[in-house]
Amino acid sequence: MAEKVIIIGSGPAAWTAAIYCARAALKPLVIEGALTEENRLAGTLPLGQLALTTEVENYPGFPAGEIGAYLDAGIAADRRRLMAPSGKEGVSGPELMELMRQQAINFGARVITDDVVDVDFAARPFRLSASDGNTYQSHAVIVATGARANYLGLPSEEKYKNRGVSACAVCDGALPRFRNKPLVVVGGGDSAVEEADYLSKFASTVYLVHRRDELRASKIMVQRATTNPKIEILWNRTLAEVLGNDKDGVTAARLQSTVGQPDLEQAATGVFLAIGHTPNTAFLKGKLELTAKKYIKWTTAARTYTSVEGVFAAGDVADDYYRQAVTAAGSGCMAALDAERWLAAQGL
Ligand SMILES: Cc1cc2nc3c(=O)[nH]c(=O)nc-3n(C[C@H](O)[C@H](O)[C@H](O)COP(=O)(O)OP(=O)(O)OC[C@H]3O[C@@H](n4cnc5c(N)ncnc54)[C@H](O)[C@@H]3O)c2cc1C
């Protein structure tokens, strides 16, 4: 029998959509992603991008406080046992995601731990194929498969993630370790300049490292970078290694020259990668309209409609601009309401 709505994904957008769909008696089925080595390496394990970070200080509702007892009471014991001990600084990314998942389950969402590898949106009800060979049918689908930040793939980058290496200035820039300290931003496009500009509010100096002698960013962003007294551009350089130690995390970046100059060791307490994001849309190629950057295209302003009626998109998979947990959750709510209204209009 076909489901009323299947939600694909497991970040803030998916769980929020699941909470709303469950409370609207749509009995949502969430396909949350698979626990595979491939997904671990890609940064797409279940619970989404926030599961890869430590403190989340900008999600409303979690001031600094003792959250341990609340987690003990709120999270099923078998999953609570697997969680790292909680601190007192508000909520961590994994904690926030476990809370959202549990809230959706409490209202009746069912969860399948697998990847959707193919979809058939030409037939109705829609058909989804999972990596274990199972297929699912559904009248409506909410795609909330998110995106992943691109990294260079250096071992030292991996070693210092959450200890000075970050791919999100808005998320991490205000953390104490970055305040009044030199920081490195890697990239040369608009978002690299935006990250550098944002970080310049906190840092002593932001070193923008770019592999060419000209930024790819738009004219206005280039002007912003070159006129900001706290941004220094290091031209013709690439990040070769993040340097640090166990006690302090990141302490410097070794920067290679692309024009034959000697390596430069730049002191920094943070290295921010701003080399783009990859939306998790490979399985949707040819099935839904995507943008040039492969994000799902929202076809109507202020709605979560896609190019296929009955398929809705929420979160970072369709949003290459805001990319925050709270905006993903907000569009998850919108997608659930859009799906509910669409199903009602079909008499389903
Ligand atoms: C290191 C880091 C720190 C961050 N810190 C903050 C912060 O402090 N505050 C903040 O607001 N934002 C932060 N962000 C951004 C925030 O995490 C994202 O904006 C948010 O998680 C996007 O949510 P989402 O629901 O769209 O999807 P995601 O969180 O991207 O999750 C989607 C998940 O869906 C699953 N999935 C993907 N493909 C499939 C498939 N084919 N089948 C089934 N499941 C699939 C995967 O498990 C994937 O991870 C941070 C991001 C990163 C990388």
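Relevant structure appears above.
Residue indices begin from 1 for each chain and proceed along its sequence in written order. The predicted origin of the model limits local features to residues at a pLDDT of at least 70 and limits the giving and counting of side-chain atom pairs to 80 or more, whereas totals for whole chains, interfaces and linings rest on all residues. Note that water and hydrogens are dropped before the side-chain values are worked out from all heavy atoms of the structure.

Asks: Please explain the site of the ligand as it appears in this structure.
Replies: We call a residue near a molecule or strand as soon as one heavy atom of that residue lies within 4 Å of the molecule or strand. The local shell around the ligand holds 34 residues, among which Leu45, Gln49, Asn58, Asp316 and Ala325 are the closest. Between the ligand and glycine 33, the relevant distance is 3.3 Å, taken from a nitrogen atom to a main-chain nitrogen or oxygen of the residue. Computed on the free molecule, the ligand has an accessible area of 990 Å², of which 96% lies beneath the protein chains in the complex. A run of H or I in DSSP becomes a helix once it reaches four residues, and a run of E becomes a strand once it reaches two; helices and strands are each numbered from the N terminus. Sorting the residues of the shell around the ligand by element identifies helix H1 (12-23) and helix H10 (325-345) as the ones contributing at least two each. Gly counts as polar in this scheme, as do all residues outside two lists: the nonpolar Ala, Val, Leu, Ile, Met, Phe, Trp, Tyr, Cys and Pro, and the charged Asp, Glu, Lys and Arg. Residues that form the shell around the ligand fall into these classes: 15 nonpolar, 14 polar and five charged. Whenever a nitrogen or oxygen atom comes within 3.5 Å of another N or O atom, the pair is scored as a polar contact, on the condition that within protein one atom can donate a hydrogen and the other can accept it, and that pairs from neighbouring residues in sequence are kept only if both atoms are in side chains. All accessible areas in this document rest on Shrake-Rupley with a 1.4 Å probe, and a residue is counted as covered only by the protein chains that are shown.

Asks: Just checking my understanding: could you explain unusual backbone geometry for this structure?
Replies: Glycine aside, residues mostly have negative phi angles, and peptide bonds mostly take the trans form. Between arginine 124 and proline 125 the backbone carries a cis peptide bond, its omega angle lying at -10°. For proline 125, the position within the fold is in the loop between strand S6 (116-120) and strand S7 (126-130). The phi dihedral of leucine 47 falls on the positive side, at around 90°, and the residue is not glycine. Tracing the chain through its elements places leucine 47 in the loop between helix H2 (37-42) and strand S3 (55-56). Exposure categories follow from relative accessible area, calculated using a 1.4 Å probe and restricted to protein chains: below 20% of the type maximum is buried, above 50% is exposed, and the middle band is partly exposed. On the basis of relative accessibility, which here comes to 8%, the residue leucine 47 falls in the buried class. The residue alanine 302 is not glycine, and still its phi comes out positive at about 60°. Summarising the element assignment, alanine 302 is placed in the loop between strand S18 (277-279) and strand S19 (311-313).

Asks: Help me understand helix H5 (residues 93-106) in this model?
Replies: Given 3.6 residues to a turn, an α-helix orients residues that are three or four positions apart in the same direction. Its 14 residues give H5 an end-to-end C-alpha distance of 20 Å, which sits within 8% of 20 Å, the value for a rise of 1.5 Å per residue. The buried count for H5 comes to ten of 14 residues, which makes it a mostly enclosed element. Here, two residues are considered to be in contact whenever any of their heavy atoms come within 4.5 Å of each other. Structurally, H5 contributes buried residues whose contacts are with H1, S3, helix H3 (68-74), helix H4 (77-80), strand S4 (91-92) and strand S5 (110-112). Note on H5: the residue one or two positions beyond its end, glycine 108, has a positive phi of about 110°. In this scheme, a helix's expected span is set at 1.5 Å multiplied by one less than its residue total.

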